[in-house]
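# Report on the structure
The residues making up each chain are set out below.
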Number of protein chains: 4
Amino acid sequence: MKLNEPMIIVNFKTYLESSGKKAVELALKADKVSKETGVCIVVAPQLVDLAKVAEAVEIPVFAQHIDPIKPGSFTGHVLAEAVMAAGAVGTLINHSERQLKLSDIEAIIALTREKNLISCVCANNPSVSAAVAALKPDIVSIEPPELIGTGIAVSKAKPEIVTDTVNMVHHICPDITILCGAGISQIEDVSVALKLGSRGVLVASGIVKAKDPYNILHAFADATR
Amino acid sequence: MKLNEPMIIVNFKTYLESSGKKAVELALKADKVSKETGVCIVVAPQLVDLAKVAEAVEIPVFAQHIDPIKPGSFTGHVLAEAVMAAGAVGTLINHSERQLKLSDIEAIIALTREKNLISCVCANNPSVSAAVAALKPDIVSIEPPELIGTGIAVSKAKPEIVTDTVNMVHHICPDITILCGAGISQIEDVSVALKLGSRGVLVASGIVKAKDPYNILHAFADATR
Amino acid sequence: MKLNEPMIIVNFKTYLESSGKKAVELALKADKVSKETGVCIVVAPQLVDLAKVAEAVEIPVFAQHIDPIKPGSFTGHVLAEAVMAAGAVGTLINHSERQLKLSDIEAIIALTREKNLISCVCANNPSVSAAVAALKPDIVSIEPPELIGTGIAVSKAKPEIVTDTVNMVHHICPDITILCGAGISQIEDVSVALKLGSRGVLVASGIVKAKDPYNILHAFADATR
Amino acid sequence: MKLNEPMIIVNFKTYLESSGKKAVELALKADKVSKETGVCIVVAPQLVDLAKVAEAVEIPVFAQHIDPIKPGSFTGHVLAEAVMAAGAVGTLINHSERQLKLSDIEAIIALTREKNLISCVCANNPSVSAAVAALKPDIVSIEPPELIGTGIAVSKAKPEIVTDTVNMVHHICPDITILCGAGISQIEDVSVALKLGSRGVLVASGIVKAKDPYNILHAFADATR
């Protein structure tokens, strides 16, 4: 499976505003925006909400994390087969709030390739992005942790982090899709992100905690065109 | 909420035999056995299967793990509020396949108390059980990791582990329910477990991987009476 | 081995002021104060400084951490036999900056008992202290992490944390020595700590980063008498 | 600082045969072999033995691990400044027995560069080696964990792992030194390792647990010439 570009991934994190029934409602808004604008919008709800969200929408649904495991004795872990059965077509990997050992990142990417899941690996700086690129995931998302949740967009505050990532990742593997995240809250943040060479954004609080998520997401989608 | 004793908790782990639709089917069998026998049976499916399982059955459903977090920025983590919204009434904590820092165990137990979730904390030996008892969870389950998945029951192979746990836990906190697990696969394992002073069993492969889970679980339930 | 009470443990952490040659110099000051006052003072330098410090002083030297391992293939881990060969007579365990899984804490305490090393387990609140007490270490040190390094002493700011710990720990195991730490920087903090029922203090920046560590430590020692 | 090639790194792990006084004795044998053969031999003793070993020998001494920290409040962690003060000129990073998060590997390599320490990062397969190469450490050592301690050498049992690593690492960064390890116990294992394109070996039990470490190490050194 291959997603259209540019794309917007909405990370639901563990906000109450995007939990349970509200997860489904928010995902439906994203679904509507995607259909109205033709822009690829992915939603990444909590694991417990995955099945309900995937049933409700036609846009791609990602898990927020999977573990590098085969079916078996792994109480409390996240099995690729189970998230796929629930309707996920991809997964975030190594988000700055759920960082992983290097060998686990490699094993999870290999697992997603085997299972035909889309892999989106997060990286905290351009060097880490380059290391991730050598593992050939589908998507690398650069997110400086110091800007996450601040409302100060990486694309505006530290544009060189985006351009360095684009250069370093594409030097190692030219066909990886690069997203950027952290602090994306203004419409302009999205268009600047694309101008810097990324192919979309990974957003969370900027949408989830917005007064009107539908309107903001619609504006973000428009800004990618 | 308080569960009836004796009880059987079925841990679905991440087996394919208890994933997706099969999770619901297995949970329905447990539900049937519970209704037929009057014995309290709890199911603990994977997080992605939690909502579907909880919708399908009337018996108590547990999460396999929750994280010591409040709603917020915790990508890939497990929020108590979200598992409750999905229908869980309790959670396993510190399973030997998902071991936690001591301060996190304490924080999760405090969270379950605040949220009125039932806490079942796993311990690998009697000393660890005693330490857990000081944190006053609802249930302590003693599971020597070396016997998990072997088919050699703790209640038969190492009865002193069960009796030591009963003595040490009740010395510290008399009203904690004690379960035992690891290798429980024969009907006799269950009755012996109760004779040793435990109030039930935590089982996984013995039921999930059985040729006829309904029959075995029915026999286990009968053995507790 | 048994230490005299009251006692002061000086945690050198990874400050430059207590690294390398300065570790030995600081330890010698502690040694001098101990001899002049008769008060038991323990120093806990970094692992790389352990051998040099232990050679230079007669007071007890602790490791800051050991791992729950036997001799073998554990690259980068800390072997009890090796820290003992270097001259350590005890170890900190589960410091809030180096927190451990519950089963590892239990295994390390068992190891210290087998090796006749003194165990000092840190806990972040009274409940965790009680859990630790069930594992019967020699010393429990209560240190609320939110006060560490603040200069606001636990004994003054949150005296109930100390008294609750004393009550809960001694209810489970009466012969455990209880220390308190976090923010201890004034002479009065030490005397209050003892009045609340602790048998000494665990200090770090209050001594290591003091302008005149010898004088402060001397005053702390005097305050314990 | 730059080491001569080919090189042999002897990882002392936490074996009793390479702890305390025996660490110094073994390091002296390595020192002797290096002087007699002119071959670069590095020793990586436990942290507590680092200072004594570095005082006793003239060959390069590595730490087995350092943490991505600055001087400060990091009880039980390993400070670059402290291992340097003890005489280390480099460090192993991410050994399969001490695996790290990707962002920590990147931060430690950046720290070694800043401090002019030699970085030797271990990787468990060619893909992980390539990811590490993007971070530009001085040395990448490929060690399939399933062969560690077996006496079955990676260079003989899985030569393609070594050649794939050489190709993939040098494609990303041509001037990284590549070593291989795991199961190296025969003289031939060393010469084969070099023929496959590596520039030396990382050995542990093959030397440490040998009846006559001096003789084996001498033969290994001869085999690199």
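Source: prediction; values computed, not measured.

## Digging into the sheet that holds strand β7 (residues 177-181) of chain C
Residues and elements named next belong to chain C.
- Taken together, eight strands build an open sheet; the order of strands is β2-β1-β8-β7-β6-β5-β4-β3 and the sheet is parallel. Every interior strand has two partners, whereas the edge strands, β2 (40-44) and β3 (62-63), have only one.
- Pairing of strand β5 (residues 118-123) with strand β6 (residues 139-142) involves four bridges; the strand directions are parallel. Its bridge partner lying in β6, Cys 122 is registered against Ser 141.
- The strands that helix α10 (residues 213-223) touches are β1 (7-11), β2 and β8 (200-203); relative to β1, the one it contacts most, it runs at about 150°.

## Some remarks on the pattern of salt bridges
- Going through the model one piece at a time under the given rule, you end up with 56 salt bridges over all chains.
- Measuring nitrogen to oxygen at the nearest pair gives 2.8 Å for the salt bridge that ties Lys 115 of chain D to Glu 81 of chain D. Residue Lys 115 of chain D is located in helix α4 (residues 102-115), and its partner Glu 81 of chain D is located in helix α3 (residues 80-85); the two are separated by 34 residues in the primary sequence.
- The network of salt bridges with shared partners includes Lys 2, Glu 5 and Arg 199 of chain A.

## Digging into the interface of chain C and chain B
- Listed per partner, the contact involves 17 residues of chain C and 17 residues of chain B.
- The interface formed by chain C and chain B holds zero salt bridges in total.
- Where chain C meets chain B, there are six residue pairs in polar contact (both at pLDDT 80 or more).
- Among the elements of the structure, α4 (102-115) and α5 (126-133) of chain C are those that each provide at least two residues to the side of chain C that touches chain B.

## Looking at the relation of the copies chain C and chain B
- You can overlay chain C on chain B at an RMSD of 0.0 Å; the transform is a turn of 180° with a shift of 0.0 Å along its axis. In the structure described here, the two chain copies are related by an operation that fits a two-fold rotation axis.
- Looking at the interface residues of chain C, 100% of them are also at the interface in chain B, so both copies use one shared face.

## What to know about helix α1 (residues 21-37) of chain A
Residue and element names in this part refer to chain A.
- Taking 1.5 Å of rise per residue, the 17 residues of α1 would be expected to cover 24 Å, and the 25 Å separating its terminal C-alpha atoms lies within 8% of that figure.
- When we look at burial in α1, the residues that qualify are Ala 23, Val 24, Leu 26, Ala 27, Ala 30, Asp 31, Val 33, Ser 34 and Thr 37.
- Among the structural elements, β2 (40-44), α2 (50-56), α9 (205-208) and α10 (213-223) are those in contact with the buried residues of α1.

## Description of the nonpolar core
- In this structure, Val 10 of chain A, Val 10 of chain B, Ile 8 and Val 10 of chain C together with Val 10 of chain D are the most contacted members of the largest nonpolar core, which totals 313 residues.
- Once residues lying within four places of it in the same chain are set aside, the contact partners of Val 10 of chain C are Ile 41, Val 42, Val 43, Ala 44, Val 203, Ile 207, Val 208 and Leu 217 of chain C.

## Examining the packing of helix α1 (residues 21-37) of chain C against α10 of chain C
Residue and element names in this part refer to chain C.
- The N-to-C vectors of α1 and α10 enclose an angle of 35°; their axes lie 9 Å apart at closest approach. When the axes of α1 and α10 are compared, the crossing they make is right-handed. Of α10, the residues touching α1 (which contributes Leu 26, Lys 29, Ala 30, Lys 32, Val 33, Glu 36 and Thr 37) are Pro 213, Tyr 214, Leu 217, His 218, Ala 221 and Asp 222.
- Considering only residue class, the contact of α1 with α10 consists of seven nonpolar, two polar and four charged.

## A closer look at the arrangement of the chains
- Of all C-alpha pairs spanning chain A and chain C, none lies closer than 16 Å, and the two are not in contact.
- Chain B makes no contact with chain D; the smallest distance between any of their C-alpha atoms is 16 Å.

## Points about the state of the cysteines
- Per the stated rule, a full pass over the model turns up zero disulfides over all chains.
- Between Cys 180 of chain B, a cysteine without a disulfide, and Cys 120 of chain B, which holds the nearest cysteine sulfur, the sulfur-to-sulfur distance is 11 Å.
- The thiol sulfur of Cys 122 of chain D is not disulfide-bonded, and the nearest other cysteine sulfur, from Cys 120 of chain D, lies at 5.0 Å.

## Describing unusual backbone geometry
- For the bond running from Glu 5 of chain B to Pro 6 of chain B, omega is -10°, close enough to zero to count as cis.
- Examined against the element boundaries, Pro 6 of chain B turns out to sit in the segment before β1 (7-11).
- For Asn 116 of chain A, which is not glycine, the phi dihedral falls at a positive 60°.
- Relative to the assigned elements, Asn 116 of chain A resides in the loop between α4 (102-115) and β5 (118-123).
- Phi at Lys 136 of chain A takes a positive value of approximately 55°, unusual for a residue other than glycine.
- Looking at where Lys 136 of chain A falls in the secondary structure, it is placed in the loop between α5 (126-133) and β6 (139-142).

## Looking at the pairing of strand β5 (residues 118-123) of chain B
All names here are of chain B.
- In terms of burial, β5 is a largely internal element, six of the six residues being buried.
- Here β5 shows no split at all, with Ile 118, Cys 120 and Cys 122 on one side and Ser 119, Val 121 and Ala 123 on the other all buried.
- In this view, the connection linking strand β4 (residues 90-93) to its parallel neighbour β5 by way of helix α4 (residues 102-115) has right-handed handedness.
- In this fold, β5 hands off to helix α5 (residues 126-133), which returns the chain to strand β6 (residues 139-142); that crossover is right-handed.

## Observations regarding the interface of chain B and chain A
- If you look at the interface, chain B gives 33 residues, while chain A gives 33 residues.
- With both sides pooled, the region where chain B packs onto chain A buries about 2,800 Å², and carbon together with sulfur makes up 59% of that total.
- Area buried by chain B at its contact with chain A is led by Thr 14, Val 48 and Thr 75 of chain B, which between them contribute 26% of it.
- Applying the counting criterion to the chain B and chain A interface returns two salt bridges.
- For Lys 52 of chain B, the salt bridge goes to Glu 55 of chain A, with nearest N and O atoms at 2.5 Å.
- Where chain B meets chain A, there are 20 residue pairs in polar contact (both at pLDDT 80 or more).

## Considerations on helix α5 (residues 126-133) of chain D
All names here are of chain D.
- Within α5, seven of the eight residues are buried, which leaves the element mostly enclosed by the surrounding structure.
- Inspection of α5 places Pro 126, Val 128, Ser 129, Ala 130, Ala 131, Val 132 and Ala 133 among the buried residues, and these make up the whole buried set.
- With a side-chain oxygen lying 3.1 Å from the backbone nitrogen of Ser 127, the N-terminal cap of α5 falls on Asn 125.

## Describing the confidence of the model for chain A
- Chain-level statistics for chain A give a pLDDT mean of 95 and a share of 100% at 70 or above.
- Interface scoring of the predicted complex returns ipTM 0.95; its pTM is 0.96.

## With respect to the sheet that holds β1 of chain B
Residue and element names in this part refer to chain B.
- Read across the sheet, eight strands follow the order β2-β1-β8-β7-β6-β5-β4-β3 without closing on themselves; strand pairing throughout is parallel. A strand with exactly one partner marks an edge of an open sheet, and here the two such strands are β2 (40-44) and β3 (62-63).
- By the bridge criterion, two bridges tie strand β7 (residues 177-181) to strand β8 (residues 200-203) in an arrangement that is parallel. The residue bridging Cys 180 from the neighbouring strand is Val 201, located in β8.
- On the sheet, α4 packs against β4 and β5 and is oriented at approximately 170° with respect to β4.

What counts, and where the lines are drawn
Residues numbered from 1 in each chain as written. Chains lettered and ligands numbered in written order. Predicted model: local features only at pLDDT ≥ 70, side-chain atom pairs only at ≥ 80, totals over all residues. Heavy atoms only, no water. Pairing = 2+ DSSP bridges. Helix = DSSP H or I, 4+ residues; strand = E, 2+ residues; numbered from the N terminus. Contact = heavy atoms within 4.5 Å. Axes fitted to C-alpha atoms, helices over the stretch in contact; angles between N-to-C directions. Salt bridge = Lys/Arg side-chain N within 4 Å of Asp/Glu carboxyl O. Polar contact = N/O pair within 3.5 Å; in protein donor to acceptor, adjacent residues only side chain to side chain. Least-squares fit on C-alpha atoms with pLDDT ≥ 70 in both. Expected span 1.5 Å × (residues − 1). Buried < 20%, exposed > 50% of the residue type's maximum accessible area, 1.4 Å probe, protein only. Core = buried A, V, L, I, M, F, W, Y, C linked by side-chain atoms within 4.5 Å. Left-handed = near helix turned anticlockwise from the far one by under 90°. Nonpolar A, V, L, I, M, F, W, Y, C, P; charged D, E, K, R; others polar. Disulfide = S-S within 2.5 Å. Right-handed = clockwise from strand over helix to strand, strands pointing away. Buried area = accessible area lost by both parts, 1.4 Å probe. pLDDT = per-residue confidence, 0-100.

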